[in-house]
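# Architecture at a glance
Spelled out, the chains give:
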Amino acid sequence: MRPTSTDERRRVRFAWSSAIVLFAALALCASAVRGRTARVLAPAMGASGEPRWTAVRDSAEAVRAWQVAGVHGRKLVVLTGRWGHPAGSWEPQDEETGATSPPTLPLDAETGIFAATRLGIARDLLVFMNPEAVRQRTAEITERKGLRAGTGWVEAPYRGYERTFAIPDAATAPEEPVLLLVEPSYFTEDVPPPEWLASRGFRFDLGLVALEDPAATPLQRELARMFAARVGATPAGGAR
Amino acid sequence: MTRRALALLLATTGLALLLRVVWLSGQPLLPDDLAVGVTAHNFTRWGWPEPTMWNHPRLRDSLVALSEQAFGRGPWGLKIWSVAIGTLSVPATGLLVWELTGSGVAAVLASFLLAIDPLHLDFSRQAINDVQLAFFPVAALAAAWTYRRSRRCTCLAVAGLLFGLGLATKWSAAAQLLIALLAVMGDALRSKEPRERASELIFVAACLVVLPATVYLLTYLPWFQRGYELVDLLQFHGRMALETVTHTGYGNKLPGYLGEIVQPWRWFLAPVYYLEYALPRGSVGPDPGYIVGVANPLTWLLVWPACGLAAWTAALRRDEGLTWSVALFLVTYLPFAFATRPIWTNTALAVAPFALALVAWAAVQLAKRWRTSVLAWGCVAALLAAVLWPASMGFPSRVSDAVVRVLVPAEAWLPRQP
């Protein structure tokens, strides 16, 4: 029934406006809560709440380790000396239907980081590399849309997904704890050992040390093993 | 609208539905169709808007994920929304034309031209969501104009809801939202009583600004499950906007977009088409081949003359509804026509209802003097559309194939990498 008097019309409009504003407020709250509650930290080790270190074979196994730990929606810090260039894309597979987008790539050391982003494990990516690797990476993506660069860092979103490549000196710690992955190719003479992260204010709940990556030399693999032993990393399934 | 006009509108809708469902299960799937299903799954499950059009809004993903749950990952699960919404765009166009011009005959004719258009038919049978832009903004405008006439609050709230769904389909719906805002706010500002004016303005802002924005936000709920915050959504939209204004295509394109129509200024000046190759034999459907939607040249090439006649008549008669009709066409079309990056023919679906509305109105005016000629034109246009339907369904037909190959240039048939 249509309101007849001016006052009644005004009352109806006010009721509608209030309901819509309330609906909008609820939607905003729902979005904020959904985002916040989606960030899942790894369970702390022991009563002291120390971050857990795990040794994994490569970044593919890192993805499995993150899935086992149940972490999700996190900022991921990767210390590496290389960047994977898979010829194609890795897409999530549904474990129930096995549905994929053709053509897809297997989960391996080249696609591991992509997989972590697509599965929502990592919502944001900070990659720290030696200066030469950052220069090389910057040169590769210099034509990309939305690129922003400063001294020792380049912000290079991938289809809207936030990624930053930087040298350790250009690091700024986020307020929240991060996930950490250290790859062997990170270990070069011109970068500090991974402990620099703590001194720069980075906090993490789960640190993974990959013992292999496609660009690593035998010496770098050895350095990665020594680092894993130094921090007391426990081996995950496939790490030897 | 008279009962007769309503009955005809209903009959046209029935015809539209029939054309959109017939042989749907047999129609070969396109790579786009499968990618839409995968994207729906990726987005609703992981908040990952890939592989299809990450830079566009995401209503389609939630809809397709729902229909896949109900109908499975086949043609119906992937395409039911396009079929339903493509069909609904037919009566929505009729209602809008009736609200704007008051002509039941023009309303029915506009609906009919849209219902039988092979390009509209093609995209009503694809999983990709372009045809939804021929419905949500059009239905929203019809609801907004109903509000202007009736002052029923529900109508404007429905308009806001539909505009929200339109924006969550593609941002181009903002053009029609702007027109609705101008019209309804204009009405509000004419009120001489300050309290009445303020109350109306607040209500309009709630319905046409807050409500669409809220509906839009809700379509991003799956994205928030990646751990993002509202400020991240703004940043992401900055990235989306950059990609959208500089977009030059996703797949492997031949040099110079050979064989593709990427210039919207051609839409109403030359025959236009959208051609895609179906998936290889053995995957889905009985026959490998192509699906090509050719916009009916006997209606699309009349858009500019019709627009000129409508603009002239609107100025002469100071006809508000006709002025809005012309404005809607221009405001929807010109941003595409003047875009500096390639715009493909699928985008023309957003303009088609407003363009064909002008053609229908002009035909009705001309029929007052040249009834037989207009009737003959209508029959030939319908016949040509019917000949083009099989090609837009991927249905093997020698006649359709022969006509299509006259209208679509040879370079369009060059094989492209999937």
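Heads up: the structure comes first, above all this text.
What you are looking at is a predicted structure, and each value in this text was computed from that prediction instead of being measured.

Glancing now at the overall build of chain A. In terms of regular secondary structure, chain A is built from six helices and nine strands. Burial statistics for chain A: of 240 residues in total, 42% are counted as buried.

Moving on: the interface of chain B and chain A. By a frequent convention, interface size equals the accessible area lost on bringing the separate parts together. On the side of chain A, 38 residues touch chain B, which itself brings 41 residues to the contact. Elements supplying a minimum of two residues to the side of chain B that touches chain A: helix 2 (31-46), helix 8 (153-167), helix 10 (194-218), helix 11 (221-224) and helix 12 (230-246) of chain B. Sort the elements by how many residues they give to the side of chain B that touches chain A and helix 10 of chain B lands first, with 12 residues.

Time to look at the environment of Ala-391 of chain B. Residues and elements named next belong to chain B. By the element assignment, Ala-391 lies in helix 17 (residues 371-393). The exposure class assigned to Ala-391 is buried, which follows from the 30 C-beta atoms found within 10 Å. As a C-alpha pair, Ala-391 and Ala-315 span 76 residues in sequence and 41 Å in three-dimensional space.

Attention now goes to the environment of Asn-42 of chain B. Residues and elements named next belong to chain B. Within the secondary structure, Asn-42 sits in helix 2. Of the residues examined, Asn-42 has 26 C-beta atoms within 10 Å and is grouped as buried. The sequence separation of Asn-42 and Pro-222 amounts to 180 residues, and the corresponding C-alpha distance is 9.7 Å.

All names here are of chain B. Orientation of helix 4 (residues 75-101) relative to helix 7 (residues 136-150), taken along the N-to-C sense of each, is 35°, at an axis distance of 8 Å. For the crossing formed where helix 4 meets helix 7, the hand is left-handed. For the pair helix 4 and helix 7, contact is made by Ser-89, Ala-92, Thr-93, Leu-95, Leu-96, Glu-99 and Leu-100 and by Val-138, Ala-139, Leu-141, Ala-142, Trp-145, Thr-146 and Arg-149, respectively. Split into classes, the residues belonging to the contact of helix 4 with helix 7 amount to nine nonpolar, three polar and two charged.

All names here are of chain A. Read from one edge to the other, the open sheet built from nine strands follows the order 4-5-6-3-2-7-8-1-9, with strand pairing classed as mixed. Two strands lie at the open edges of the sheet, namely strand 4 (148-150) and strand 9 (234-235), each paired on one side alone. Relative to strand 7 (residues 178-182), strand 2 (residues 74-79) runs parallel, the two sharing four bridges. Across the sheet, Val-78 pairs through a bridge with Leu-181, a residue of strand 7.

Our focus in this paragraph is the pairing of strand 3 (residues 122-128) of chain A. All names here are of chain A. Counting buried positions over the seven residues of strand 3 gives seven, a clear majority of the element. Looking at chain direction, strand 2 and strand 3 are connected through six bridges and run parallel. Bridged to Val-78 within strand 3 is Val-127.

With six of six residues buried, strand 2 of chain A lies mostly within the body of the structure. Residues of strand 2 of chain A alternate between two faces, with Arg-74, Leu-76 and Val-78 of chain A on one and Lys-75, Val-77 and Leu-79 of chain A on the opposite face, all of them buried.

Residues and elements named next belong to chain A. For helix 6 (residues 218-231), spanning 14 residues, the distance from its first C-alpha to its last is 20 Å, which sits close to the expected 20 Å at 1.5 Å a residue. Those residues of helix 6 that sit buried are Ala-224, Phe-227 and Ala-228. Here the buried residues of helix 6 occupy an arc of 100° about the axis, which is enough to place them on one side. The exposed set on the far side of helix 6, more than 90 degrees from its buried face, consists of Pro-218, Leu-219, Met-226 and Ala-229.

A word on the packing of helix 5 (residues 104-116) of chain B against helix 16 (residues 352-367) of chain B. Between two packed helices, what matters for the description is the angle formed by their axes and the separation of those axes. Residue and element names in this part refer to chain B. At a minimum axis distance of 8 Å, the contact between helix 5 and helix 16 shows a crossing angle of 130°. It follows from the interaxial angle that helix 5 and helix 16 lie oblique. Between helix 5 and helix 16 the crossing geometry is right-handed. When helix 5 is examined against helix 16, the residues Val-105, Ala-106, Leu-109, Ala-110, Leu-113 and Leu-114 are found in contact with a partner set consisting of Ala-352, Pro-353, Leu-356, Ala-357, Val-359, Ala-360, Trp-361, Ala-363 and Val-364. Classifying every residue of the contact of helix 5 with helix 16 gives 15 nonpolar, no polar and no charged.

Definitions and cut-offs
- Here the residue numbering is sequential within each chain, running from 1 through the sequence in written order.
- For this description, chains carry letters from A and ligands carry numbers from 1, given in the order in which they are written.
- Given that the model is predicted, a residue must reach a pLDDT of at least 70 before its local features are reported, and side-chain atom pairs must reach 80 or more before they are shown or counted; all residues, however, enter totals for whole chains, interfaces and linings.
- Numbering goes from the N terminus for both helices and strands, where a helix is a DSSP run of H or I of at least four residues and a strand is a run of E of at least two.
- Think of it as a crowd count around each C-beta: if 20 or more other C-beta atoms lie within 10 Å the residue is buried, if 12 or fewer it is exposed, and in between it is partly exposed, with C-beta placed from the backbone throughout.
- By definition, residues are in contact whenever their C-beta atoms, placed on the basis of the backbone, come within 7 Å of each other.
- To get an axis, a line is fitted to the C-alpha atoms, and for a helix only the part in contact is used. The angle between two axes follows their N-to-C directions and goes from 0 to 180 degrees.
- Left-handed describes a crossing in which the near helix is turned anticlockwise from the far one by less than a right angle; the clockwise case is right-handed.
- When residues are grouped by polarity, Ala, Val, Leu, Ile, Met, Phe, Trp, Tyr, Cys and Pro land in nonpolar, Asp, Glu, Lys and Arg in charged, and all others, Gly among them, in polar.
- Two strands are counted as paired when DSSP detects at least two bridges linking them.
- Expected helix span is computed as 1.5 Å times (number of residues minus one).
- Comment: arc refers to directions from the helix axis out to C-beta atoms.
- Angles are sorted into four bins: roughly parallel if under 35 degrees, roughly antiparallel if over 145, roughly perpendicular if 65 to 115, and oblique for all others.

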